2 protein chains.
Amino acid sequence: MRITIIGAGNVATHMAAAFKNAGHRIVQVYSPTMQNAALLAYHVGAEAIDNLAGINPETDLFLIAVKDDAIMDVAKQLAPYNKLVVHTSGATSISALEIFTGNCGVFYPLQTFSKIRELNFLNVPLCVEGADDDITNHLQHLAQTISNKVYRVNSDQRKILHLAAVFACNFPNYLYHVAEQLLNKNHLDFNIIRPLIDETAQKVQQASPAKVQTGPAVRGDEKTMQAHLELLDNDADLQAVYRMLSQAIIKMDKSE
Amino acid sequence: MRITIIGAGNVATHMAAAFKNAGHRIVQVYSPTMQNAALLAYHVGAEAIDNLAGINPETDLFLIAVKDDAIMDVAKQLAPYNKLVVHTSGATSISALEIFTGNCGVFYPLQTFSKIRELNFLNVPLCVEGADDDITNHLQHLAQTISNKVYRVNSDQRKILHLAAVFACNFPNYLYHVAEQLLNKNHLDFNIIRPLIDETAQKVQQASPAKVQTGPAVRGDEKTMQAHLELLDNDADLQAVYRMLSQAIIKMDKSE
């Protein structure tokens, strides 16, 4: 398939590479910053453009991987070409592409991407939605050329997935940061705790999190929680986080 | 070395197996519940006892792996044997064993253990402390027979490690649980999000968490945060957690 990539950020970079590796042809890469467009285009053997007026109409799919706020504006400029268009946003409804009157869909990769980190796209869950069943089937087949984990997910479900991802990824990463700061302030190496972070994530790859919850809150160990709050007594914000999450764990339903 | 295990919980089970695998001899396993003592004793070729009056004095080390509150009580009953004694608690000072007048230490494994899950103890960070340098050296050598990641950590530092572990393990696991609940309520499979949990933990195995923070809060994406809060509008507790952690991420220092 001939694919045009709109955007050159983390998602655009990983998806363009995945399509290229799967044997598709990347026609062009667009970014308003030519340097970014050129870097990605070079890697995937495409032409770089920094102006949508330079779009090559000889393509089968426009993949829009830009900031959520910019999707509709970009879509407007692509509408005249009458091609299939998908966006990659978890938080954005398929209706953002309604200007394409049905020839559109969503390709949402549920993963945290960094340009510096390689990952095997075959293991990235890819959530697809099409404006109708034919398009959904078409996108599902296309998705299966780059990922072994393709799910059909509608716009309402995708918003929930995006929210759940904040709880499963963004918030835990912040808590890792808190742990690192506590260690650094006390001349301890973050390496000591890295295996614990790894094992905590590994445990829930099979088990349900509620079944493997550990720590003072789930044991109702008030003495240890009190001692922890005292260790945090120079940081009211962290104390508040500690209290709120501990209370939530105390109240959680362990049967699930 | 001849080792007597006091306790038959998760930590006792994993450490007894690690010592046995490293060629040490487990003399006895004590638990107030004979069934628990017998199960672990069977696995490590030891005698099971459910009464400390039945302690065999022909041992070199008592390893106390019981609940924090029970350590001092157990220690009192072991004092007459004049052997080296260690506890395994992150939250408890070495001074809980002062009754041994110097012949004591701490062996704190910084990991989350479940009986149902096998793990390679060689990768478990083991934090050792002795009452004096000789004992610390002795414990360090012993620790190195079962782990490749041995750290010398004093009681004050160990308390910080234990606190940091709550942020790095217990709280993230709770947030995984929130994600699972959100998905289940919307007929989505938790499997969709498991690769994200894995990758989030893998990313910080090399990088510093502040450098790889992603999501709406770190982008200052108010529109998405508002949409997420609306999705949570039937759960004031979760809204409060979302607000507090998002605010903390907005305020975090990304330079670290």
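Rules behind the numbers
- Residues numbered from 1 in each chain as written.
- Chains lettered and ligands numbered in written order.
- Predicted model: local features only at pLDDT ≥ 70, side-chain atom pairs only at ≥ 80, totals over all residues.
- Heavy atoms only, no water.
- Domains from an automatic or database assignment.
- Contact = heavy atoms within 4.5 Å.
- Buried area = accessible area lost by both parts, 1.4 Å probe.
- Salt bridge = Lys/Arg side-chain N within 4 Å of Asp/Glu carboxyl O.
- Polar contact = N/O pair within 3.5 Å; in protein donor to acceptor, adjacent residues only side chain to side chain.
- Nonpolar A, V, L, I, M, F, W, Y, C, P; charged D, E, K, R; others polar.
- Least-squares fit on C-alpha atoms with pLDDT ≥ 70 in both.
- Pairing = 2+ DSSP bridges.
- Helix = DSSP H or I, 4+ residues; strand = E, 2+ residues; numbered from the N terminus.
- Axes fitted to C-alpha atoms, helices over the stretch in contact; angles between N-to-C directions.
- Core = buried A, V, L, I, M, F, W, Y, C linked by side-chain atoms within 4.5 Å.
- Buried < 20%, exposed > 50% of the residue type's maximum accessible area, 1.4 Å probe, protein only.
- UniProt positions renumbered as here; feature names shortened; annotations may be inferred.
- Parallel < 35°, antiparallel > 145°, perpendicular 65-115°, else oblique.

Chain A goes by DUF2520 domain-containing protein in an unreviewed UniProt entry, where it is assigned to Mucilaginibacter roseus.

1. Let's talk about the domain arrangement of chain A
Residue and element names in this part refer to chain A. According to the domain assignment, chain A consists of domain 1 (2–153) and domain 2 (159–251). Distance between the C-alpha centres of domain 1 and domain 2: 35 Å. At the interface, 8 residues of domain 1 touch 5 residues of domain 2. Summed over both sides, the interface of domain 1 with domain 2 buries roughly 500 Å², with 77% coming from carbon and sulfur. Three residues stand out in domain 1 for area buried against domain 2, namely Ala 91, Tyr 108 and Leu 110, and they jointly supply 55% of the buried area on that side. Linking domain 1 to domain 2 there are 0 salt bridges. Linking domain 1 with domain 2 are 0 residue pairs in polar contact (both at pLDDT 80 or more). Of the residues assigned to the side of domain 1 that touches domain 2, the class counts are 5 nonpolar, 3 polar and no charged.

2. Remarks on the relation of the copies chain A and chain B
Each of the two chain copies can be brought onto the other by rotation about an axis and movement along it. Mapping chain A onto chain B calls for a screw motion: a turn of 180° about the axis and a shift of 0.0 Å along it, with 0.0 Å RMSD after fitting. This pairing of chains is accounted for by a two-fold axis. Taking the C-alpha atom as reference, chain A places Pro172(A) closest to the rotation axis, 2.4 Å from it.

3. Some details on the sheet that holds strand E8 (residues 150–152) of chain B
Residue and element names in this part refer to chain B. Judged by pairing direction, the sheet is mixed, and its 8 strands sit side by side in the order E3-E2-E1-E4-E5-E6-E7-E8 without closing on themselves. Two strands bound the open sheet, and with one partner strand each, they are strand E3 (47–49) and E8. If you compare each strand with its neighbour and ignore which way they point, the axes differ by 25° on average. Of the strand pairs in this sheet, strand E4 (residues 61–64) and strand E5 (residues 84–87) are connected by 4 bridges, and their pairing is parallel. Along E5, the bridge assignment pairs Leu 63 with Val 86. Sheet contacts for helix H3 (residues 71–78): strand E1 (2–6), E4 and E5; angle to E4, the most-contacted strand, approximately 160°.

4. A few points about the nonpolar core
A general trend in soluble globular proteins is that nonpolar side chains are found buried together. In this structure, Phe167(A), Ile193(A), Phe167(B) and Ile193(B) are the most contacted members of the largest nonpolar core, which totals 124 residues. Setting aside chain neighbours within four positions, we find Ile193(A) in contact with Leu183(A), Leu110(B), Leu161(B), Ala164(B), Ala165(B) and Ala168(B).

5. Considerations on the interface of chain A and chain B
Between chain A and chain B, the contact holds 90 residues from the first and 90 residues from the second. The contact between chain A and chain B buries some 8500 Å² in all, and 66% of this surface belongs to carbon and sulfur atoms. Where chain A packs against chain B, one counts 4 salt bridges. With its nearest N and O atoms 2.9 Å apart, the salt bridge here joins Asp237(A) to Lys251(B). Scanning the region where chain A abuts chain B turns up 33 residue pairs in polar contact (both at pLDDT 80 or more). Counting residues per element, the side of chain A that touches chain B draws most heavily on helix H5 (residues 155–185) of chain A, which supplies 26 residues. Of the residues that constitute the side of chain A that touches chain B, the class distribution is 51 nonpolar, 24 polar and 15 charged.

6. Considerations on the pattern of salt bridges
Residue and element names in this part refer to chain A. According to the stated counting rule, one finds 12 salt bridges over all chains in the structure shown. Between Glu 58 and Arg 2 there is a salt bridge, with the nearest N and O atoms lying 3.5 Å from each other. Here Glu 58 is found in the loop between strand E3 (47–49) and strand E4 (61–64), whereas its partner Arg 2 is found in strand E1 (residues 2–6), with 56 residues between them in sequence. Take Glu 58: its relative accessible area is 49%, and that puts it in the partly exposed class. The class for Arg 2 is partly exposed, based on a relative accessible area of 27%.

7. Re the environment of Glu129(B)
All names here are of chain B. Take Glu 129: it is sitting in strand E7 (residues 126–130). Residue Glu 129 is classed as buried on the basis of its relative accessible area of 11%. Linking Glu 129 and Ile 71, residues 58 residues apart in sequence, is a C-alpha distance of 16 Å. Excluding residues that lie within four positions of it along the chain, Glu 129 makes contacts with Ile 94, Gly 105, Val 106, Thr 136, Leu 139, Val 153, Asn 154, Ser 155 and Arg 158. In this structure the side chain of Glu 129 is engaged in a polar contact, spanning 2.7 Å, whose partner is the side chain of Ser 155. For Glu 129, the side chain forms a polar contact with the side chain of Arg 158, separated by 2.7 Å.

8. Some remarks on the UniProt feature "domain: DUF2520" (unreviewed entry) in chain A
According to UniProt, the feature "domain: DUF2520" (unreviewed entry) maps to residues 124–249 of chain A in the numbering used here. Along residues 124–249 of chain A, the helical share is 67% and the strand share 6%, with 30 Å between the first and last C-alpha atoms.

9. A short note on the side chain of His14(B)
Residue and element names in this part refer to chain B. Relative to the elements of secondary structure, His 14 occurs in helix H1 (residues 10–21). Judged by relative accessible area, which is 11%, His 14 ranks as buried. Not counting the four nearest positions on each side in its chain, His 14 is found in contact with Phe 113, Ser 114, Lys 115, Arg 117, Leu 119 and Phe 121.

10. Some remarks on the sheet that holds E4(A)
Residue and element names in this part refer to chain A. With mixed pairing, the 8 strands of this open sheet are ordered in space as E3-E2-E1-E4-E5-E6-E7-E8. Two strands in the sheet have a free side with no partner beyond their single neighbour: E3 and strand E8 (150–152). Adjacent strand axes in the sheet meet at a mean angle of 25° when their direction is disregarded. Contacts from helix H1 (residues 10–21) reach E1, strand E2 (25–30), E4, strand E6 (104–109) and strand E7 (126–130), with the element oriented near 100° to E6. Those strands touched by helix H2 (residues 34–44) are E2 and E3, and its axis lies near 165° from that of E3.

11. Re the packing of helix H6 (residues 194–206) of chain A against helix H6 (residues 194–206) of chain B
Two quantities define a packed helix pair, namely the angle between the axes and the distance from one axis to the other. Look at H6(A) against H6(B): their axes get within 9 Å of each other, and the N-to-C directions meet at 170°. In terms of orientation, H6(A) lies roughly antiparallel with respect to H6(B). Between H6(A) and H6(B), the contacting residues are Arg194(A), Pro195(A), Ile197(A), Asp198(A), Ala201(A), Gln202(A), Val204(A), Gln205(A) and Gln206(A) on the first element and Arg194(B), Pro195(B), Ile197(B), Asp198(B), Ala201(B), Gln202(B), Val204(B), Gln205(B) and Gln206(B) on the second. Here the residues of the contact of H6(A) with H6(B) are counted per class, giving 8 nonpolar, 6 polar and 4 charged.

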